[in-house]
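Residue strings, one per chain:
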Amino acid sequence: FCLLQQCLGTHEVSCDLYMVASSTEPQPQAKGEKTPISDTSYVGIDAILEQMRRKAMKQGFEFNVMVVGQSGLGKSTLMNTLFKSKVSRKSVQPNVEERIPKTVEIKSVSHDVEEKGVRMKLTVIDTPGFGDQINNENCWQPIMKFINDQYETYLQEEININRKKRIPDTRVHCCIYFIPPTGHCLRPLDVEFMRHLSKVVNIVPVIAKADTLTLEERDSFKKTIREELRANGIDVYPQKEFDEDAEDRMINDKIREMIPFAVVGSDQEYQVNGKRILGRKTKWGTIEVENIAHCEFAYLRDLLIRTHMQNIKDITCSIHYETYRVRRLNESNILFTSNPPDHPAVQPKANGQPEEQPATPQPNGVAAQHEALSHEM
Amino acid sequence: PNQTGRNRSHTVGKLTEKQYVGFATLPNQVHRKSVKKGFDFTLMVAGESGMGKSTLVNSLFLTDLYKDRKLLNAEERINQTVEIIKHTVDIEEKGVKLKLTIVDTPGFGDAVNNNECWKPITDYIDQQFEQYFRDESGLNRKNIQDNRVHCCLYFIPPFGHGLRPVDVEFMKALHEKVNIIPLIAKADCLTPNEIKKLKDRIREEIDKFGIKVYQFPECDSDEDEEFKQLDKELKECTPFAVIGSNTVVEARGQRVRGRLYPWGIVEVENQSHCDFVKLRNMLIRSHMHDLKDVTCDVHYENYRAQCIQEMTSKLAQDNRMESPIPILPLSTPDVDTEKLIKMKDEELKRMQEMLNKMQQQMHDKEQ
């Protein structure tokens, strides 16, 4: 059912039926048979999966995806193609003139979508202005700040005394980074961005508008990109160090050999061989978006949605968020087992909640991972 | 000035079959992860000796947790205090792994003077909450072990006419810390009428004394009729009258768990004989997850909120003390950082102890 799985040659792990056969020494409570028990009837603990599923279906899921890349690389179109509906910012504000903002803006749009009874709140976070200026120095900083702000919001809610049963999750689960199809190598801006952001968020790099590359050009471009990522120590999703077990590693290794996916997006339908498909029509042929012979959109969709969506969220929650949390707790000694430091910016409120931002705000919002913390005890 | 996103919510609505995106596989993705990880469940059993607690646990989970148990005689029990004993067993069925922990409370209610005999039990429950709170607030949250008690089966003797004072006091001491499911033990000594009367009486008294036993959650409006009917029957049947057995007997041509009497055979899994099946289905097959949820979302949160409030009010009274935790720069997570985090965690624990000592001193001073 899943293209990616088929391509990788994997199959659903079949669960063997294990029965618990217990034998006990009979307690002589009743006269009569004293045979040891060898029940093969079953307890029913696997029903807990069904209980979990029910609950999850009731609650629904959340997924927050950010798109980053220069103007005109097809970010909005790709989002619409991925989720087969008008989920991008542009589709929601159709009358706004296309203009390049003077600074990087962060614009979120949320949608409630449903499929086969599964409800999801999908949030697409756009970053217009990124990479579009003449001087793009530090244009990744507002994005970094936004991501850290979401972590901060979650953290504040988590350390609250009376916290919500289900903390609303606005953390960015995945950041799709659009690489222009130059065919040569990564640009300095690409490296800068990914180097900084891969430490705080899952980055999925894609080659945008890949219909300008032939298959050979595409392959050599990908190879170059992979080498450059490696040379710069950039860990994109799926990160090697977070593979859980051998099975995961096997699947993810294959994915790592294919990224970055070369994608083409479209929200126009055309008739090809009697079927209606999404594509781009040119004088020399029609590019079919979901045809893996044409582009790798289907692989991206499978990775992001059909097979690894939960894993992407898990890595965000259990690794990126935890890293942020540890750093923040160290910075401002919010832990309730210690007294607040003698620092005016970090007085706990009466209910134990610390003030918003501690210490001196760094020029990039929150200190980057390798910087020393801002104050001593 | 950088603006954070202005969020607007839109309903795009249902996607048609043709427009299958694929996030409907999400529950399966979660499912796969859970199966890999496995589940855990902690069940406490409480009640006087000889109420059939061990037998019931064995019957419920088809195990034998008490193989090497030695029962004490009356003389040995004179000086016995209430103990807390944990048994852990790993059960696997259809690929799903469950780490089941049974918390036993031998000695409860057995002494001549049973004043506050539930204190070791409430202390134990609080300790698990405290441990979890500390782990959750700590720096290394990767492998937090959840030892919180998810459910307490309380065994009421069938011989009386309702709740006894010790039953009432026990349940009131615990009802805001753990999900209590009261059971009528050894129900094979009662006729159906007697059971009904006893159940009504107990339900009345639970209401009267304001005891908050575990409530089954409401049925969803979109559940089918059969489910709703079962749910209704379940709720009307509490407290469950149970019988357990470690022996197999021949009844109606089949080999079943039961108890053989001269006047007949009691079948544990026969729903007209007792509520064992109802209890098992509820505990394991339909409400295990909810029991865990209520423990996490209600009992634990109450404990945590209380704990924080106590700590912060004490801190406000305390003089400031030097924090012994050194602040060091953090590098990318690696072995060294792990060690550092562990070290800091231990420092935190030491600080916690110091804080407790100081609180104790202050408390003593005030006395």
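Predicted model only: the values in this text are computed from it and were never measured.

Here is what the cut-offs are and how they apply
- Residues numbered from 1 in each chain as written.
- Chains lettered and ligands numbered in written order.
- Predicted model: local features only at pLDDT ≥ 70, side-chain atom pairs only at ≥ 80, totals over all residues.
- Heavy atoms only, no water.
- Pairing = 2+ DSSP bridges.
- Helix = DSSP H or I, 4+ residues; strand = E, 2+ residues; numbered from the N terminus.
- Axes fitted to C-alpha atoms, helices over the stretch in contact; angles between N-to-C directions.
- Buried < 20%, exposed > 50% of the residue type's maximum accessible area, 1.4 Å probe, protein only.
- Arc of directions from axis to C-beta.
- Salt bridge = Lys/Arg side-chain N within 4 Å of Asp/Glu carboxyl O.
- pLDDT = per-residue confidence, 0-100.
- Polar contact = N/O pair within 3.5 Å; in protein donor to acceptor, adjacent residues only side chain to side chain.
- Phe/Tyr/Trp six-rings, centres within 6.5 Å; stacked < 30°, edge-to-face > 60°.
- Lys NZ or Arg CZ within 6 Å of the ring centre and 35° of its normal.
- Contact = heavy atoms within 4.5 Å.
- Expected span 1.5 Å × (residues − 1).
- Core = buried A, V, L, I, M, F, W, Y, C linked by side-chain atoms within 4.5 Å.

### Some details on the sheet that holds strand 7 (residues 269-272) of chain A
All names here are of chain A. Reading across from one edge, 7-8-9 is the order of the three strands in this open sheet, with antiparallel pairing throughout. Every other strand in the sheet has two partners, leaving strand 7 and strand 9 (285-288) as the edge strands with one partner each. Mean inter-strand twist for the sheet, computed between neighbouring axes without regard to direction, equals 65°.

### Section: helix 8 (residues 246-256) of chain A
Every α-helix carries 3.6 residues per turn, so stepping three or four residues along brings you back to the same face. Where helix 8 of chain A is concerned, the buried positions are Asp248, Ile251, Asn252, Ile255 and Arg256 of chain A. Burial along helix 8 of chain A is one-sided: seen end-on, the buried residues are contained in an arc of 140°.

### Focus: the pattern of salt bridges
Between side chains of opposite charge, a pair can form when the charged atoms approach closely. Residue and element names in this part refer to chain A. In this structure the tally under the stated criterion is 51 salt bridges over all chains. Ionic pairing is found between Asp169 and Arg171, a salt bridge with its closest N-O pair at 2.8 Å. The closest approach of N and O atoms between Asp302 and Arg306, which form a salt bridge, is 3.8 Å. Separated by four residues within a single helix, Asp302 and Arg306 lie in helix 9 (residues 297-307), roughly one turn from each other. With relative accessibility at 9%, the residue Arg306 sits in the buried group. Here the salt bridges share partners, and the residues they tie into one network are Lys84, Glu290, Arg301, Asp302 and Arg306.

### With respect to the confidence of the model for chain B
Residues at a pLDDT of 70 or more form 84% of chain B, whose mean pLDDT is 81. Reported for the predicted complex are a pTM of 0.75 and an ipTM of 0.72.

### A few points about the side chain of Ser110 of chain A
Locating Ser110 of chain A in the fold gives a position in strand 2 (residues 107-115). At 3.0 Å, the side chain of Ser110 of chain A and the side chain of Thr123 of chain A are in polar contact.

### Here we look at the packing of aromatic side chains
The full count for this structure, using the stated rule, is 15 aromatic pairs over all chains. Both rings, one in Phe108 of chain B and one in Phe170 of chain B, keep their centres 4.8 Å apart while their planes meet at 65°; by these two values the pair is edge-to-face. Of this pair, Phe108 of chain B sits in the loop between strand 4 (96-104) and helix 4 (119-137) while Phe170 of chain B sits in helix 5 (residues 165-174), and the two are 62 residues apart along the sequence. Owing to a relative accessible area of 0%, Phe170 of chain B belongs among the buried residues under this scheme. Ring centres of Tyr214 of chain B and Phe216 of chain B lie 5.7 Å apart, and the angle between their planes is 85°; this geometry places the pair in the edge-to-face category. Each of the two residues, Tyr214 of chain B as well as Phe216 of chain B, counts as buried. One aromatic cluster is present, formed by Tyr151, Tyr154, Tyr321 and Tyr324 of chain A through successive ring pairs. Over the face of the ring belonging to Tyr132 of chain B we find Arg148 of chain B, whose NZ or CZ atom lies 3.6 Å from the ring centre. The ring of Tyr300 of chain B has Arg148 of chain B lying over it, and the distance from NZ or CZ to the ring centre is 4.7 Å.

### Quick look at the sheet that holds strand 6 (residues 180-184) of chain B
Residues and elements named next belong to chain B. Spatial ordering of the open sheet is given by 3-4-2-5-6-7, a layout of six strands whose pairing is mixed. Edge positions in the sheet fall to strand 3 (85-93) and strand 7 (240-241), since each of these pairs with one other strand and no more. Pairing geometry for strand 5 (residues 151-156) and strand 6, over five bridges, is parallel. Along strand 6, the bridge assignment pairs Phe155 with Leu183. Packing against the sheet, helix 6 (residues 192-208) makes contact with strand 5, strand 6 and strand 7, and its axis sits at approximately 150° to strand 6.

### Side note on helix 4 of chain B
Counted at 1.5 Å a residue, the expected span for helix 4 of chain B with its 19 residues is 27 Å, and the 26 Å between its end C-alpha atoms agrees. Of the residues making up helix 4 of chain B, those classed as buried are Ile121, Thr122, Tyr124, Ile125, Asp126, Gln128, Phe129, Tyr132, Phe133, Asp135 and Glu136 of chain B. Buried positions along helix 4 of chain B lie against helix 10 (309-332) of chain A together with strand 2 (39-46), strand 3, strand 4, helix 5 and helix 9 (288-317) of chain B.

### Let's talk about the nonpolar core
Core analysis: the biggest nonpolar cluster contains 183 residues, and Phe193 of chain A together with Leu153 and Leu283 of chain B have the highest contact counts within it. Counting residues per element, this core draws most heavily on helix 9 of chain B, which supplies nine residues. In contact with Phe193 of chain A, not counting residues within four places along its chain, are Val68, Phe130, Trp140, Ile143, Cys175, Tyr177 and Ile203 of chain A.

### Some thoughts on the pairing of strand 8 (residues 275-282) of chain A
Residue and element names in this part refer to chain A. Across four bridges, the pairing between strand 7 and strand 8 is antiparallel. Note that in strand 8 the partner of Gln271 across the bridge is Arg276. Count of turn residues in the strand 7/strand 8 antiparallel hairpin: two residues, of which Asn273 carries a positive phi of about 50°. Summarising the sheet, strand 8 and strand 9 pair through four bridges and their orientation is antiparallel. Paired with Arg280 across the bridge in strand 9 is Ile287.

### What to know about the side chain of Arg328 of chain A
Residues and elements named next belong to chain A. Locating Arg328 in the fold gives a position in helix 10. Classification of Arg328 as buried rests on a relative accessible area of 2%. Within the structure, the side chain of Arg328 is placed 2.6 Å from the side chain of Glu152, a separation counted as a polar contact.

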